[in-house]
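# Overview (structure and organization)
The chain contents come next:
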Amino acid sequence: MAQGVVADNWSLQDITSLFTDGFERDDAHEIVVNGEQHCYRAVSSAVIQTEALFDFLSDLILRDEVLVDQQFTYAWDEVQSPILEAKNLGVVRAYPFLAEAEKIAGPRDRIISHICSTESLRLEHRENVEGWNSNGTTPHALLSATLWGGAGMCARSFVYEKSYTPHPLRKKLFINSGFMLPAADALHQLTTFLDDQKVKVTKKIYGNDSLFSAYINLPALPIRIIQEANSADKLITIALQMRSDFQSLRDWLKMFQNAMSADDTKSLLDYRKQLDSVSQYIDKKIGYGAESKPVTMEAGMGIFKIATQGNPLENIKNQFGVRAMLNKLVLGGAGRAELKKYVSMFGEKGSEIGYEIERSFTQNPS
């Protein structure tokens, strides 16, 4: 079975706008839940565009296909955008999810009831439903797009048994309302693992000073793409070219995903052990070790030149195949230089927008 993902046309629309018009200069608004009320908090639209792009780039490389709802592709595919290259290659594919709309309706409504965690959300959603039924309009348009639309995409994911990469504003609502997507997504588990390992490496390099050691943390795959690209309009092209480089990792993820779908505990433990092996190797690489087994480092430029008192077989395994690929992603940098390069690609070096994007990917040591 293809390792596909359901993606939002809304995300692709924001990405297309980024490529054709540059960063949006106004604010978007995320829905924040506080007790029994919700409110709308301003966030940089440029940051939302960037988050959508980085999610999309990762999906382009490590998913077999990215599925979008056929009924709403007009939001982006009628504009000359680099995304069309992915569509022409069949990596991004329109799918008629609403050909059997009745299958979506029930799960969507149940998901809405879970996301509507406050009385104020329930009230505004009822007003949207009544407005749509009476005159085809929704008085709370942002809530409709974020909540109603997001629940509909979650339902597509559930009914067609595919993972889902939500638009950043929908993702924020899910998190803020306590709604959780299913955990059985191999790529999400892998990217979370890579992020955790990169944070560990960066802390080791920059320390834990609460004032001076804040660090940039970008997803590993966008870092690689930005390193290779010489202009913004090449980001999608580079990602598509990298698909062949990461074929073995994509195959590994497919088997990992199949084990999840089959609830194959034995296989799942094996995949987790492989990730644990990478984590332990990284620990040795950056100098973490028990006092009784100190780590010694070999001189040399090679990323894998390391001498340890650990398991020699595990060290060898980490120099080949999928484990070596994951090690390179973790040790490929936290993204400080790459984020500056990314901002410069869109002509925003040293600008307010450039600062806001860098700030949004800055983490404090803990």
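For the structure itself, look to the data block above.
So, a few notes on the structure that sits alongside this text. (Residues numbered from 1 in each chain as written. Predicted model: local features only at pLDDT ≥ 70, side-chain atom pairs only at ≥ 80, totals over all residues. Heavy atoms only, no water.)

## Comments concerning the packing of aromatic side chains
Counted according to the given criterion, the structure contains 14 aromatic pairs. Pairing F174 with F179 gives two aromatic rings, centres 5.4 Å apart and planes at 65 degrees, and the pair type is edge-to-face. Grouping residues by exposure puts F174 and F179 together as buried. Residues F256 and Y271 carry aromatic rings whose centres are separated by 5.1 Å and whose planes lie at 20 degrees to one another, so their mutual orientation is stacked. Of this pair, F256 sits in helix α11 (residues 247–261) while Y271 sits in helix α12 (residues 265–286), and the two are 15 residues apart along the sequence. Residue class for F256 comes out buried when judged on its relative accessible area of 1%. Overall, Y271 belongs to the buried group, its relative accessible area being 10%. Pairwise contacts between aromatic rings join F19, F23, F54, Y342, F346 and F361 into one cluster. (Phe/Tyr/Trp six-rings, centres within 6.5 Å; stacked < 30°, edge-to-face > 60°. Buried < 20%, exposed > 50% of the residue type's maximum accessible area, 1.4 Å probe, protein only. Helix = DSSP H or I, 4+ residues; strand = E, 2+ residues; numbered from the N terminus.)

## Some words on helix α8 (residues 186–206)
Helix length check: α8 (21 residues) gives 30 Å between terminal C-alpha atoms against 30 Å at 1.5 Å per residue, within 8%. Considered for burial, the residues of α8 that qualify are A186, L187, L190, F193, L194, Q197, K198, V199, K200, V201, T202 and K203. N-cap assignment for α8: the residue whose side-chain oxygen lies 3.1 Å from the backbone N of L187 is D185. Positioned one or two residues after α8, G207 has a phi angle of 85 degrees, which is positive. (Expected span 1.5 Å × (residues − 1). Polar contact = N/O pair within 3.5 Å; in protein donor to acceptor, adjacent residues only side chain to side chain.)

## Describing the packing of α8 against α11
Each packed pair of helices is defined by two parameters, the angle between the axes and the distance between the axes. Following both chains from N to C, one finds α8 and α11 inclined at 120 degrees, their axes separated by 8 Å at the closest point. One way to sum up the angle between α8 and α11 is to call them oblique. Together, A186, L187, Q189 and L190 of α8 and L249, W252, L253, F256, Q257 and M260 of α11 make up the contact between the two elements. (Axes fitted to C-alpha atoms, helices over the stretch in contact; angles between N-to-C directions. Parallel < 35°, antiparallel > 145°, perpendicular 65-115°, else oblique. Contact = heavy atoms within 4.5 Å.)

## Some details on the pattern of salt bridges
Using the criterion set out here, one finds 21 salt bridges in the structure. Close ionic contact of D185 with R63 constitutes a salt bridge, the shortest N to O distance being 3.1 Å. Taken together, the residues span a long stretch of sequence, with D185 in the loop between α7 (168–177) and α8 and R63 in the loop between α2 (45–62) and β4 (65–69) at a distance of 122 residues. On the accessibility criterion, R63 (3% relative accessible area) is buried. (Salt bridge = Lys/Arg side-chain N within 4 Å of Asp/Glu carboxyl O.)

## Some points on the nonpolar core
Judged by nonpolar contacts, the single largest core of 72 residues is most densely connected at L53, L190, L249, Y342 and I357. Counting residues per element, this core draws most heavily on α2, which supplies ten residues. With near-sequence residues (within four places) excluded, I357 lies in contact with F23, A46, V47, T50, L339, Y342 and V343. Formed by 23 residues, the second largest nonpolar core is a distinct cluster that contains I104, C116, C154 and F174. (Core = buried A, V, L, I, M, F, W, Y, C linked by side-chain atoms within 4.5 Å.)

## A few points about the sheet that holds strand β6 (residues 163–165)
Taken together, four strands build an open sheet; the order of strands is β5-β4-β1-β6 and the sheet is parallel. Edge positions in the sheet fall to β5 (92–95) and β6, since each has one partner strand and no second. Direction aside, neighbouring strands of the sheet carry axes that sit 35 degrees apart on average. In this structure, strand β1 (residues 4–7) lies alongside β6, joined through three bridges in parallel fashion. Among the inter-strand pairings, V5 is bridged to a residue of β6, identified as S163. (Pairing = 2+ DSSP bridges.)

## Examining α12
Given a rise of 1.5 Å per residue, 22 residues ought to cover 32 Å, and the 31 Å separating the end C-alpha atoms of α12 matches this to within 8%. Within the sequence span of α12, burial applies to L268, Y271, Q274, L275, S277, V278, S279, Y281, I282, K284, K285 and I286.

## What to know about the environment of T118
Mapping T118 onto the fold places it in the loop between α4 (101–115) and α5 (119–135). Separated by 59 residues in the primary sequence, T118 and S177 have C-alpha atoms spaced 8.3 Å apart. Excluding anything up to four places from it in sequence, T118 contacts V33, G35, E36, Q37 and H38. Polar contacts involving the side chain of T118 include one to the main-chain amide nitrogen of L121, which spans 3.1 Å.

## A short note on the environment of L67
Structurally, the position occupied by L67 is in strand β4. The buried category is assigned to L67, whose relative accessible area is 3%. L67 has contacts with V5, V6, A7, R93, F97 and K162, leaving out every residue within four places of it along the chain.

## A closer look at the pairing of β5
Bridge count for β4 against β5 is four bridges, and the pairing is parallel. Bridge pairing in β5 links D69 to Y95.

## Here we look at unusual backbone geometry
Backbone geometry places E161, a non-glycine residue, at a positive phi of 55 degrees. Position of E161 relative to the elements: it lies in the loop between α6 (141–159) and β6. Positive phi, normally seen in glycine, also occurs at D263, with a value near 55 degrees. Looking at the secondary structure, you find D263 in the loop between α11 and α12. You can call D263 exposed: its relative accessible area is 60%.

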